[in-house]
Amino acid sequence: MIEFKNVSKEFPDGTKAIQHISFKINKGELVTLIGPSGCGKTTTMKMINRLIQPTEGDILIQDKQIDAFNINELRWNIGYVLQEIALFPHLTIAENIAVVPEMKKWKSHKIKARTNELLEMVNLDPDTYADKMPHELSGGQQQRIGVVRALAADPDIILMDEPFSALDPISREQLQEDIQNLQKQIQKTIVFVTHDINEALALGDRVCLMNAGEIVQMDTPQELILHPKDSFVKDFIGSHRSPWLTAVDVIGRLDHEQVLDLSDLHIAHDNPEKTFVVMNDDGKYEGTLFGGKQIDVEPIANNLQLYKAAKLLDDSHVNILPITKDDQLVGILTNDMIVQFLRQEISIKNGVVQS
């Protein structure tokens, strides 16, 4: 979808902002760009919609050089969300959302339908909010409008430049969840610049960690955490490692006493006070038993972050959750496992090697 080939950017004052970077972003992927101040992440993003021109190298969208696009058509097909929300203060919320569709000469009924659809996507009732002015909304609500305005003309690509950094922590976390839920619906290609490692790890299908104009490591959050390329990556992630590890990183083996084959169901009947996870001969999850009877337990995905998995376990009515990947049972999660894992993490950080 988006490809950089040996791209560099040197500004007139001699600053080398970007140095020979190459990478691809797949269609429907959300990639977060992160790194120290001045690392080149915002410059990289702004080159995608030609707000900044590269000094050398090629940038392609759907295998076409971006310089070959008409500049207006290019930008109409790339939504842009800024930290400074920049809603037009004299326009209503509906009018703000309609700006680009009107430039593209959409019919009024289509614009209204799209506006209502987008407001509903971010849980803002059109009847309540469409005719409000920007100053009547909270900061979080205004930022939601900034996001949906970028989606109004149904662009293929969305660029987001530290969009939540000015918000309070509660609003910021809620908007992160909104973006995750929204992305499940719209499946856009999103490039998201942030200076917050937690945000980068939470949102990114992949995280692009930059330093001094170069890409140090571009990987899934999981790979970045478990297999940092060098000491810079390891130090940059630092103490943020534990919460972003996934459920599969803390599970025990499948020979755990609470995992049963179909041939061992009598064990569940003989131990009615215990909960058991059952797998069939093909390794697939068959169900969860308590008191010898099947109970309704939703398995968790192997790539679910540990802190989310822990919350699901805490909120559930059982003391064990099955972990699956493509319907295969890959492990189980219990509170004891989480406690043991965190003890190991603390020992590692303190330089203690456990036997």
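What you are looking at is a predicted structure, and each value in this text was computed from that prediction instead of being measured.

Section: the sheet that holds strand β12 (residues 275-279)
Spatially, four strands are ordered β11-β12-β13-β14 in an open sheet, and the strand pairing comes out mixed. Edge positions in the sheet fall to β11 (259-261) and β14 (293-295), since each has one partner strand and no second. Neighbour-to-neighbour, the strand axes of this sheet turn through a mean angle of 45 degrees, independent of strand direction. With three bridges joining them, strand β13 (residues 285-290) and β14 adopt antiparallel strand pairing. Bridge pairing in β14 links phenylalanine 290 to lysine 293.

Looking at the pairing of strand β10 (residues 214-219)
As paired elements, strand β9 (residues 206-211) and β10 share five bridges and run antiparallel to each other. Paired with valine 207 across the bridge in β10 is aspartate 219. Hairpin remark: β9 followed by β10, antiparallel, with two residues in the connecting loop; positive phi at alanine 212, about 50 degrees.

Some details on the confidence of the model for the protein
Averaged over all residues, the pLDDT of the protein is 88; the fraction at 70 or higher stands at 95%. Mean pLDDT across the elements of the protein ranges from a minimum in helix α12 (residues 241-244), with 64, to a maximum in strand β1 (residues 2-10), with 97.

Topic: the nonpolar core
Counting residues in hydrophobic clusters, the biggest one holds 34 residues, and the most contacted among them are Ile300 and Leu333. Not counting residues within four places of it along the chain, the set of residues in contact with leucine 333 comprises Val250, Ile300, Ala309, Leu313, Asn319, Ile320, Leu321, Ile323 and Ile338. Ranked by size, the runner-up nonpolar core spans 31 residues in total, among them Val81, Ala150, Leu175 and Ile179.

Brief notes about the pattern of salt bridges
Applying the stated criterion across every chain, the model contains nine salt bridges. Between arginine 172 and aspartate 196 there is a salt bridge whose closest N-O contact spans 3.9 Å. In this pair, arginine 172 sits in helix α8 (residues 169-186) while aspartate 196 sits in the loop between β8 (189-193) and α9 (197-203), placing the two residues 24 residues apart along the sequence. Note that aspartate 315 and lysine 311 form a salt bridge whose closest N and O atoms lie 2.8 Å from each other. With a gap of four residues between them, aspartate 315 and lysine 311 both fall in helix α14 (residues 306-315), about one helical turn apart. Here the two residues aspartate 315 and lysine 311 agree in accessibility, since each one is exposed. Several salt bridges share partner residues, and in doing so they unite Arg114, Glu117, Asp154 and Lys188 into one network.

Reading the values: rules and limits
- Residues numbered from 1 in each chain as written.
- Predicted model: local features only at pLDDT ≥ 70, side-chain atom pairs only at ≥ 80, totals over all residues.
- Heavy atoms only, no water.
- Pairing = 2+ DSSP bridges.
- Helix = DSSP H or I, 4+ residues; strand = E, 2+ residues; numbered from the N terminus.
- Axes fitted to C-alpha atoms, helices over the stretch in contact; angles between N-to-C directions.
- pLDDT = per-residue confidence, 0-100.
- Core = buried A, V, L, I, M, F, W, Y, C linked by side-chain atoms within 4.5 Å.
- Buried < 20%, exposed > 50% of the residue type's maximum accessible area, 1.4 Å probe, protein only.
- Contact = heavy atoms within 4.5 Å.
- Salt bridge = Lys/Arg side-chain N within 4 Å of Asp/Glu carboxyl O.

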